[in-house]
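# An overview of the molecular structure
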Amino acid sequence: MSGTPIITAREMGVVGCRGCTQVWPQGTQICGRCGKRLQLRDHKSLQRVWAWWIVGMLCYIPANLYPMLRTRTLLTVQQDTIVGGAIELFTHGAPFVAAIILFASVVIPLGKFFAIAYLAISVQRRSAASFGQRHLLYEVVEYIGRWSMIDIFVVAILSSLVQLRTLAAIDPGPASLFFALSVIFTMLSAQSFDSRLIWDVQSRDMGEAKSGH
(Lines give C-alpha, C1' and ligand atoms only; values in the text may rest on other atoms or scores of the structure.)
Protein backbone atom coordinates (compact mmCIF):
# COMPACT_ATOMS: atom_id res chain seq x y z
CA MET A 1 0.00 0.00 0.00
CA SER A 2 1.29 3.45 -0.93
CA GLY A 3 0.25 4.91 2.43
CA THR A 4 2.07 2.30 4.50
CA PRO A 5 4.92 3.93 6.40
CA ILE A 6 8.42 2.63 5.73
CA ILE A 7 10.68 2.25 8.75
CA THR A 8 14.23 3.30 7.96
CA ALA A 9 17.38 1.83 9.45
CA ARG A 10 18.01 5.07 11.31
CA GLU A 11 14.62 4.81 13.01
CA MET A 12 15.48 1.23 14.01
CA GLY A 13 18.73 2.36 15.61
CA VAL A 14 21.08 0.71 13.12
CA VAL A 15 23.38 1.88 10.34
CA GLY A 16 24.24 0.03 7.13
CA CYS A 17 27.72 -0.16 5.65
CA ARG A 18 27.83 1.29 2.12
CA GLY A 19 30.72 -0.99 1.28
CA CYS A 20 29.40 -4.46 2.14
CA THR A 21 25.80 -3.67 3.31
CA GLN A 22 26.41 -5.22 6.76
CA VAL A 23 24.17 -3.67 9.44
CA TRP A 24 25.59 -2.41 12.74
CA PRO A 25 24.18 -0.63 15.79
CA GLN A 26 24.25 3.15 15.59
CA GLY A 27 27.41 4.56 17.09
CA THR A 28 29.65 1.94 15.48
CA GLN A 29 32.47 3.81 13.77
CA ILE A 30 34.09 1.14 11.59
CA CYS A 31 32.51 -1.81 9.77
CA GLY A 32 33.80 -5.01 11.32
CA ARG A 33 33.44 -6.87 8.01
CA CYS A 34 35.14 -4.63 5.41
CA GLY A 35 36.76 -1.90 7.52
CA LYS A 36 34.85 0.97 5.86
CA ARG A 37 33.96 3.98 8.00
CA LEU A 38 30.27 4.00 8.88
CA GLN A 39 28.13 7.11 8.42
CA LEU A 40 24.50 7.47 9.35
CA ARG A 41 24.12 10.01 6.55
CA ASP A 42 26.67 11.55 4.21
CA HIS A 43 25.63 15.20 4.31
CA LYS A 44 28.31 16.24 1.81
CA SER A 45 27.16 13.63 -0.67
CA LEU A 46 25.36 16.03 -3.02
CA GLN A 47 28.34 18.38 -3.17
CA ARG A 48 30.54 15.56 -4.45
CA VAL A 49 27.82 14.35 -6.81
CA TRP A 50 27.58 17.71 -8.53
CA ALA A 51 31.35 18.24 -8.57
CA TRP A 52 32.03 14.91 -10.32
CA TRP A 53 28.97 15.40 -12.55
CA ILE A 54 30.20 18.77 -13.85
CA VAL A 55 33.72 17.50 -14.51
CA GLY A 56 32.31 14.43 -16.28
CA MET A 57 30.11 16.59 -18.50
CA LEU A 58 33.05 18.86 -19.35
CA CYS A 59 35.03 15.81 -20.47
CA TYR A 60 32.12 14.36 -22.44
CA ILE A 61 31.91 17.40 -24.75
CA PRO A 62 35.42 17.05 -26.27
CA ALA A 63 34.93 13.28 -26.31
CA ASN A 64 32.32 13.85 -29.01
CA LEU A 65 34.12 16.65 -30.82
CA TYR A 66 37.58 15.10 -31.20
CA PRO A 67 38.30 11.94 -33.24
CA MET A 68 37.99 8.63 -31.41
CA LEU A 69 39.94 6.65 -34.03
CA ARG A 70 42.71 7.60 -36.43
CA THR A 71 43.08 5.17 -39.34
CA ARG A 72 46.26 5.42 -41.45
CA THR A 73 46.79 3.60 -44.75
CA LEU A 74 49.32 4.02 -47.55
CA LEU A 75 47.34 6.80 -49.20
CA THR A 76 44.93 8.24 -46.66
CA VAL A 77 44.51 9.22 -43.05
CA GLN A 78 40.96 9.06 -41.73
CA GLN A 79 39.79 10.44 -38.39
CA ASP A 80 36.37 9.56 -37.03
CA THR A 81 34.43 10.93 -34.09
CA ILE A 82 32.06 8.66 -32.18
CA VAL A 83 28.99 9.70 -34.18
CA GLY A 84 30.98 9.97 -37.41
CA GLY A 85 32.33 6.46 -36.98
CA ALA A 86 28.81 5.10 -36.37
CA ILE A 87 27.55 6.81 -39.51
CA GLU A 88 30.49 5.37 -41.45
CA LEU A 89 29.63 1.87 -40.24
CA PHE A 90 25.98 2.37 -41.15
CA THR A 91 26.81 3.43 -44.71
CA HIS A 92 29.11 0.40 -45.09
CA GLY A 93 26.32 -2.05 -44.27
CA ALA A 94 26.75 -2.53 -40.51
CA PRO A 95 23.68 -0.84 -39.02
CA PHE A 96 23.56 -3.18 -36.01
CA VAL A 97 27.13 -2.35 -34.95
CA ALA A 98 26.48 1.36 -35.57
CA ALA A 99 23.37 1.21 -33.38
CA ILE A 100 25.33 -0.49 -30.56
CA ILE A 101 28.05 2.18 -30.70
CA LEU A 102 25.51 5.02 -30.65
CA PHE A 103 23.61 3.39 -27.79
CA ALA A 104 26.73 2.72 -25.71
CA SER A 105 28.47 6.02 -26.47
CA VAL A 106 25.63 8.53 -26.69
CA VAL A 107 22.36 7.20 -25.26
CA ILE A 108 23.76 5.55 -22.12
CA PRO A 109 26.19 8.37 -21.12
CA LEU A 110 23.55 11.07 -21.62
CA GLY A 111 20.99 8.94 -19.81
CA LYS A 112 23.36 8.58 -16.87
CA PHE A 113 23.96 12.33 -16.75
CA PHE A 114 20.23 13.06 -16.72
CA ALA A 115 19.50 10.29 -14.19
CA ILE A 116 22.17 11.41 -11.72
CA ALA A 117 21.09 15.05 -12.01
CA TYR A 118 17.45 14.06 -11.50
CA LEU A 119 18.26 11.99 -8.40
CA ALA A 120 20.30 14.82 -6.89
CA ILE A 121 17.53 17.34 -7.54
CA SER A 122 14.77 14.99 -6.35
CA VAL A 123 16.17 14.80 -2.81
CA GLN A 124 16.17 18.60 -2.62
CA ARG A 125 12.78 19.24 -4.22
CA ARG A 126 9.52 17.36 -4.56
CA SER A 127 9.28 14.83 -7.37
CA ALA A 128 6.36 13.12 -9.09
CA ALA A 129 8.21 9.78 -9.13
CA SER A 130 7.76 7.45 -6.17
CA PHE A 131 10.60 6.74 -3.78
CA GLY A 132 10.80 3.13 -4.97
CA GLN A 133 11.09 4.27 -8.59
CA ARG A 134 13.88 6.67 -7.72
CA HIS A 135 15.78 4.00 -5.84
CA LEU A 136 15.35 1.63 -8.79
CA LEU A 137 16.72 4.34 -11.09
CA TYR A 138 19.76 4.66 -8.82
CA GLU A 139 20.34 0.90 -8.93
CA VAL A 140 20.13 0.91 -12.75
CA VAL A 141 22.67 3.74 -13.00
CA GLU A 142 25.00 1.84 -10.68
CA TYR A 143 24.63 -1.37 -12.67
CA ILE A 144 25.24 0.02 -16.17
CA GLY A 145 28.29 1.94 -14.99
CA ARG A 146 30.48 -1.15 -15.41
CA TRP A 147 29.55 -1.37 -19.12
CA SER A 148 30.33 2.25 -19.95
CA MET A 149 33.88 1.56 -21.12
CA ILE A 150 32.84 -0.56 -24.12
CA ASP A 151 34.05 2.09 -26.59
CA ILE A 152 37.47 2.24 -24.98
CA PHE A 153 37.74 -1.55 -25.11
CA VAL A 154 36.88 -1.56 -28.82
CA VAL A 155 39.47 1.13 -29.56
CA ALA A 156 42.13 -0.72 -27.58
CA ILE A 157 41.41 -4.01 -29.36
CA LEU A 158 41.44 -2.40 -32.82
CA SER A 159 44.64 -0.51 -32.06
CA SER A 160 46.42 -3.69 -30.97
CA LEU A 161 45.15 -5.85 -33.84
CA VAL A 162 45.41 -3.52 -36.81
CA GLN A 163 49.09 -2.59 -36.84
CA LEU A 164 50.47 -3.50 -40.28
CA ARG A 165 53.41 -1.12 -40.22
CA THR A 166 53.40 0.94 -43.41
CA LEU A 167 50.28 -0.71 -44.86
CA ALA A 168 47.69 0.23 -42.27
CA ALA A 169 47.39 1.20 -38.63
CA ILE A 170 44.65 2.24 -36.23
CA ASP A 171 45.50 4.53 -33.35
CA PRO A 172 43.28 5.91 -30.57
CA GLY A 173 42.37 9.56 -30.99
CA PRO A 174 42.27 12.23 -28.27
CA ALA A 175 38.54 11.61 -27.75
CA SER A 176 39.30 8.21 -26.23
CA LEU A 177 41.05 9.84 -23.27
CA PHE A 178 38.24 12.35 -22.69
CA PHE A 179 35.61 9.63 -23.00
CA ALA A 180 37.39 7.42 -20.48
CA LEU A 181 37.69 10.35 -18.05
CA SER A 182 34.01 11.19 -18.54
CA VAL A 183 33.01 7.62 -17.71
CA ILE A 184 35.22 7.56 -14.61
CA PHE A 185 33.91 10.89 -13.30
CA THR A 186 30.31 9.85 -13.96
CA MET A 187 30.84 6.62 -12.02
CA LEU A 188 32.35 8.60 -9.13
CA SER A 189 29.35 10.94 -9.23
CA ALA A 190 26.91 8.02 -9.03
CA GLN A 191 28.89 6.34 -6.24
CA SER A 192 28.98 9.60 -4.26
CA PHE A 193 25.20 9.76 -4.14
CA ASP A 194 23.87 8.60 -0.77
CA SER A 195 20.70 6.73 -1.75
CA ARG A 196 19.49 6.84 1.85
CA LEU A 197 18.64 10.49 1.26
CA ILE A 198 15.74 9.31 -0.93
CA TRP A 199 14.05 7.68 2.05
CA ASP A 200 14.77 10.68 4.26
CA VAL A 201 12.72 12.75 1.83
CA GLN A 202 9.85 10.28 2.21
CA SER A 203 9.97 10.53 5.99
CA ARG A 204 10.04 14.32 5.75
CA ASP A 205 7.10 14.42 3.32
CA MET A 206 5.04 12.04 5.46
CA GLY A 207 5.77 14.16 8.53
CA GLU A 208 4.64 17.28 6.70
CA ALA A 209 1.49 15.50 5.53
CA LYS A 210 0.62 14.47 9.10
CA SER A 211 1.24 17.96 10.47
CA GLY A 212 -0.96 19.38 7.74
CA HIS A 213 -3.88 17.34 8.97
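All figures in this text were calculated on a predicted structure; none of them were measured in a lab. (Residues numbered from 1 in each chain as written. Predicted model: local features only at pLDDT ≥ 70, side-chain atom pairs only at ≥ 80, totals over all residues. Heavy atoms only, no water.)

## Observations concerning a nonpolar patch on the surface
Residues Ile61, Leu65 and Tyr66 make up a contiguous nonpolar surface patch of about 320 Å² in total accessible area. Among the secondary structure elements, Tyr66 is positioned in the loop between α1 (45–65) and β3 (69–73). Relative accessible area serves as the criterion here: at 41%, Tyr66 is assigned to the partly exposed category. (Patch = residues over 30% accessible without salt bridge, like charges linked within 9 Å, V, L, I, M, F, W, Y side chains within 5 Å. Areas by Shrake-Rupley, 256 points an atom, 1.4 Å probe, with all protein chains shown as cover. Salt bridge = Lys/Arg side-chain N within 4 Å of Asp/Glu carboxyl O. Helix = DSSP H or I, 4+ residues; strand = E, 2+ residues; numbered from the N terminus. Buried < 20%, exposed > 50% of the residue type's maximum accessible area, 1.4 Å probe, protein only.)

## Considerations on empty space enclosed by the protein
Tallying each qualifying case throughout the model produces one cavity of 30 Å³ or more. The space that makes up the largest cavity amounts to roughly 60 Å³. Along its surface, the largest cavity is lined by ten residues, and Pro109, Lys112, Ser182, Val183 and Thr186 are the ones closest to its centre. Secondary structure elements with two or more residues in the lining of the largest cavity: α3 (95–122) and α6 (174–192). (1 Å grid on protein atoms, 1.4 Å probe; cavity = no way out; pocket = protein on both sides within 12 Å on 5 of 7 lines; lining within 4 Å. Points joined across faces, edges and corners; volume = space filled by probe spheres on them.)

## Here's the deal with the nonpolar core
Membership of the largest hydrophobic core comes to 24 residues, with the highest contact counts inside it found for Leu46, Ile116, Val123, Phe179, Phe193 and Ile198. Where this core is concerned, the elements lending two or more residues are α1, α3, α4 (131–144), α6 and α7 (196–212). In terms of residues, this core owes the most to one element, α3, which gives six residues. Listed in part, the five residues of the second largest apolar core include Cys17, Cys20, Cys31 and Leu38. (Core = buried A, V, L, I, M, F, W, Y, C linked by side-chain atoms within 4.5 Å.)

## Structural notes on the packing of aromatic side chains
Inspection of the entire model under this criterion finds six aromatic pairs. Ring centres of Trp53 and Phe113 lie 5.9 Å apart, and the angle between their planes is 90 degrees; on these two criteria the pair is classed as edge-to-face. With Trp53 in helix α1 and Phe113 in helix α3, this residue pair connects regions lying 60 residues apart in the sequence. Per residue, the accessibility class of Trp53 equals that of Phe113, and both read buried. Clustering of aromatic rings is evident, with ring pairs tying together Trp50, Trp53, Tyr60 and Phe113. (Phe/Tyr/Trp six-rings, centres within 6.5 Å; stacked < 30°, edge-to-face > 60°.)

## Some points on the environment of Ser195
Residue position: Ser195 is located in the loop between α6 and α7. What makes Ser195 buried here is its relative accessible area of 14%. Sequence separation between Ser195 and Glu139 is 56 residues, and the spatial gap between their C-alpha atoms is 9.3 Å.

## Structural notes on helix α2 (residues 82–91)
Think of an α-helix as turning once every 3.6 residues; residues three or four places apart then point the same way. Taken together, the buried positions of α2 are Ile82, Gly85 and Ala86. Taken around the axis of α2, the buried residues stretch over an arc of 100 degrees, which confines them to a single face. One side-chain oxygen of the residue at the start of α2 lies 3.0 Å from the amide nitrogen of Gly84, identifying that residue as Thr81. (Arc of directions from axis to C-beta. Polar contact = N/O pair within 3.5 Å; in protein donor to acceptor, adjacent residues only side chain to side chain.)

## Points about the confidence of the model for the protein chain
Of the residues in the protein chain, 73% reach a pLDDT of 70 or more, and the chain-wide mean stands at 77. Averaged pLDDT values over the elements of the protein chain bottom out at 58 in α7 and peak at 93 in α1. (pLDDT = per-residue confidence, 0-100.)

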